[in-house]
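Read off the chains here:
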Amino acid sequence: MSFLPNLIILGEYLAGEFDNREQALAEPVWYVNLRMWQRPVDLFREDSITLFAEQANITNLDRPYRQRIMRLIPSQNSGSTMIQYYMLKDPSALSGAGRNPALLKTLAIEQLDLLPGCILTVTQEILAPNSYKFAATPLPETRCSFTYLGKSVQVSLGFEATTAEFHSYDKGIDPETGKATWGAIIGPYRYTKREQYSLF
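S.K.: Would you mind going over the overall build of the protein with me for this structure?
M.R.: Helix and strand counts for the protein stand at two helices and 14 strands. Relative to the globule expectation of 16 Å for 200 residues, the C-alpha radius of gyration of the protein, 16 Å, shows essentially globular dimensions. Counting only C-alpha atoms, the protein reaches 40 × 40 × 40 Å along its principal axes. Evaluated residue by residue, the protein yields a buried proportion of 46% over its 200 residues. When contacts within the protein are restricted to residue pairs at least 6 apart in sequence, long-range pairs at least 24 apart make up 54% of them. When the accessible area of the protein is evaluated, it comes to approximately 10400 Å², of which 53% is carbon and sulfur surface.

Here you go:
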């Protein structure tokens, strides 16, 4: 399928290897130094661009966590983009796929669980000719919650992306108090792209 140009540009901005080294050095009390991989995967190719995301503490790259699938879906009506999140049924099966993408060749749709409330809508701002800023925010009245390892988990999702940077607003939410417990508690994790991955 031929994709809309803005969907391809968003996919290219998201695909890559990132870290927040400068932020972690400047504010070590608030921000851990993380490496993040967002690798294109061959799923939902008929209408979407799909990425496998994983991250790890820079001091423990062999122990990655937060594996997730991001599916970039064009809206047929408005020309905008939605991002649907999926969870791996067995995250350990693909642990380390950020660094070792050969593991992703076996990934199949049957290995995913749809997270119905974990969906973002994307807006696009033109910064300069051929330069954009994308902002992804939750839909109104939706809650990203699911069960993981027998526990109820609630997450607030969101990001901003430009050609060289990715700002993550993801944070864990305590379902009882509604307060953030991990992640971008005082502001976004500001990642810089270190390597570009090819979409196709």
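Once you've had a look at it, read on.
S.K.: I would appreciate a short explanation of the layout of surface pockets in the present structure.
M.R.: Where empty space is left in the structure can be found by rolling a water-sized probe over the atoms. Empty space within the largest pocket amounts to approximately 580 Å³. Residue lining of the largest pocket: 27 residues in total, with Arg66, Arg68, Phe146, Val155 and Trp182 positioned closest to the centre. Secondary-structure elements contributing two or more residues to the lining of the largest pocket are β2 (34–41), β4 (65–74), β5 (81–88), β6 (112–128), β8 (144–148), β9 (151–156), β13 (180–183) and β14 (189–196). The class makeup of the residues in the lining of the largest pocket is 20 nonpolar, four polar and three charged. Estimated volume of the second largest pocket: approximately 190 Å³. Forming the walls of the second largest pocket are 13 residues, and the residues nearest its centre are Pro40, Val41, Asp42, Pro101 and Leu104.

S.K.: Quick question: what am I supposed to make of a nonpolar patch on the surface here?
M.R.: A cluster of nonpolar side chains, contributed by Val29, Trp30, Ile185 and Ile186, occupies part of the molecular surface with about 450 Å² of accessible area. Looking at the element boundaries, Ile185 is found in the loop between β13 and β14. By relative accessible area, Ile185 is classed as partly exposed at 46%.

S.K.: Explain the nonpolar core here, please?
M.R.: As a rule of thumb, soluble globular proteins bury nonpolar side chains together. By size, the foremost hydrophobic cluster in this structure holds 41 residues, and its most contacted members are Leu14, Leu72, Ile83, Tyr85 and Phe159. Counting residues per element, this core draws most heavily on helix α1 (residues 5–14), which supplies five residues. Discounting chain neighbours no more than four positions away, the residues touching Leu14 are Gln38, Leu51, Met70, Leu72, Phe159, Ala161, Phe166 and Lys193.

S.K.: Looking at this structure, I do not really get the environment of Phe52. What am I missing?
M.R.: Tracing the backbone through its elements, the reader meets Phe52 in strand β3 (residues 49–57). The buried category is assigned to Phe52, whose relative accessible area is 0%. The sequence separation of Phe52 and Pro40 amounts to 12 residues, and the corresponding C-alpha distance is 6.2 Å. Contacts of Phe52, omitting those with residues within four sequence positions, involve Trp37, Gln38, Arg39, Val41, Gln67, Arg68, Ile69, Leu88, Leu94, Ala97, Gly98 and Leu104.

S.K.: When you look at the pairing of β14 in this model, what are you seeing that I'm missing?
M.R.: Every other side chain in a regular strand lies on the same face of the sheet, so the side chains alternate between the two faces. Bridge count for strand β1 (residues 16–19) against β14 is four bridges, and the pairing is antiparallel. Within β14, the residue paired with Phe18 across the bridge is Lys193. Where strand β11 (residues 165–168) meets β14, four bridges bridge the pair, whose relative direction is antiparallel. Along β14, the bridge assignment pairs His167 with Arg190.

S.K.: Explanation requested: the pattern of salt bridges in the structure shown.
M.R.: For the coordinates displayed, the defined rule picks out nine salt bridges. Among the ionic pairs, Arg71 bridges to Asp47, the shortest N-O distance being 3.0 Å. Separated by 24 residues along the polypeptide, Arg71 in strand β4 and Asp47 in the loop between β2 and β3 bring together distant segments of the chain. The exposure class assigned to Arg71 is buried, which follows from its relative accessible area of 11%. Residue class for Asp47 comes out partly exposed when judged on its relative accessible area of 23%. Three or more residues are tied together by salt bridges with common partners; here these are Asp19, Arg21, Glu22 and Arg194.

S.K.: Would you mind going over the side chain of His167 with me for this structure?
M.R.: In this fold, His167 is placed in strand β11. Given the relative accessible area of 15%, His167 is considered buried. A distance of 3.2 Å separates the side chain of His167 from the side chain of Glu165, its partner in a polar contact. Discounting chain neighbours no more than four positions away, the residues touching His167 are Gly158, Phe159, Glu160, Pro188, Tyr189, Arg190 and Tyr191.

Conventions we followed
- Residues numbered from 1 in each chain as written.
- Predicted model: local features only at pLDDT ≥ 70, side-chain atom pairs only at ≥ 80, totals over all residues.
- Heavy atoms only, no water.
- Helix = DSSP H or I, 4+ residues; strand = E, 2+ residues; numbered from the N terminus.
- Rg over C-alpha atoms; globule rule 2.2 N^0.38 Å.
- Buried < 20%, exposed > 50% of the residue type's maximum accessible area, 1.4 Å probe, protein only.
- Contact = heavy atoms within 4.5 Å.
- Areas by Shrake-Rupley, 256 points an atom, 1.4 Å probe, with all protein chains shown as cover.
- 1 Å grid on protein atoms, 1.4 Å probe; cavity = no way out; pocket = protein on both sides within 12 Å on 5 of 7 lines; lining within 4 Å.
- Points joined across faces, edges and corners; volume = space filled by probe spheres on them.
- Nonpolar A, V, L, I, M, F, W, Y, C, P; charged D, E, K, R; others polar.
- Patch = residues over 30% accessible without salt bridge, like charges linked within 9 Å, V, L, I, M, F, W, Y side chains within 5 Å.
- Salt bridge = Lys/Arg side-chain N within 4 Å of Asp/Glu carboxyl O.
- Core = buried A, V, L, I, M, F, W, Y, C linked by side-chain atoms within 4.5 Å.
- Pairing = 2+ DSSP bridges.
- Polar contact = N/O pair within 3.5 Å; in protein donor to acceptor, adjacent residues only side chain to side chain.

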